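Working through the structure, step by step
In case you want the letters, here they are:
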Amino acid sequence: MFGFPGWIEITIILVIILLLFGKRLPGVMNSLGRSIVEFKKGSQEGADDEGDSSHIQSQDSKQDNPPN
């Protein structure tokens, strides 16, 4: 009864979206692309920070325990 929409339903939905957003659609897509890029940059910086902190912690533990 209810399944995945076929190509006709998808086409109708896309036409409605195009009519609603029309001239604003390129600006919306541009903003969405910039948001994705910024998110990826932030997630990479977060991963880099975690790697740096673990490296610093391992150096600190070596300094705390001098060799005999």
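Computed from a prediction, not measured in an experiment: that's the story for all the values here.

**Details of the overall build of the chain**
For the chain, the helix and strand inventory stands at 2 helices and 0 strands. The buried share of the chain, reckoned over its 68 residues, is 0%. Entry remark: accessible area of the chain is about 6700 Å², with carbon and sulfur atoms responsible for 64%.

**Some remarks on the UniProt feature "transmembrane region" (unreviewed entry) in the chain**
Taking the numbering used here, the UniProt-annotated feature "transmembrane region" (unreviewed entry) corresponds to residues 6-22. In the segment residues 6-22, helix accounts for 88% and strand for 0%; the C-alpha atoms at its two ends are 24 Å apart.

**Side note on the pattern of salt bridges**
By the definition in use, this model includes 1 salt bridge. K41 serves as the salt-bridge partner of E38, at 3.9 Å between the closest nitrogen and oxygen. Of this pair, E38 and K41 both sit in helix α2 (residues 25-64), separated by 3 residues, roughly a single helical turn.

**A word on a nonpolar patch on the surface**
On the surface, W7, I8, I10, I12, I13, L14, I16, I17, L20 and F21 cluster together into a nonpolar patch covering about 1000 Å² of accessible area. Among the secondary structure elements, L20 is positioned in helix α1 (residues 7-21).

**As for α1**
The first and last C-alpha atoms of α1 sit 21 Å apart over 15 residues, in line with the 21 Å expected at 1.5 Å per residue. Downstream of α1 by one or two residues, G22 has phi in the positive range, about 35 degrees.

The rules we used
- Residues numbered from 1 in each chain as written.
- Predicted model: local features only at pLDDT ≥ 70, side-chain atom pairs only at ≥ 80, totals over all residues.
- Heavy atoms only, no water.
- Helix = DSSP H or I, 4+ residues; strand = E, 2+ residues; numbered from the N terminus.
- Buried < 20%, exposed > 50% of the residue type's maximum accessible area, 1.4 Å probe, protein only.
- Areas by Shrake-Rupley, 256 points an atom, 1.4 Å probe, with all protein chains shown as cover.
- UniProt positions renumbered as here; feature names shortened; annotations may be inferred.
- Salt bridge = Lys/Arg side-chain N within 4 Å of Asp/Glu carboxyl O.
- Patch = residues over 30% accessible without salt bridge, like charges linked within 9 Å, V, L, I, M, F, W, Y side chains within 5 Å.
- Expected span 1.5 Å × (residues − 1).

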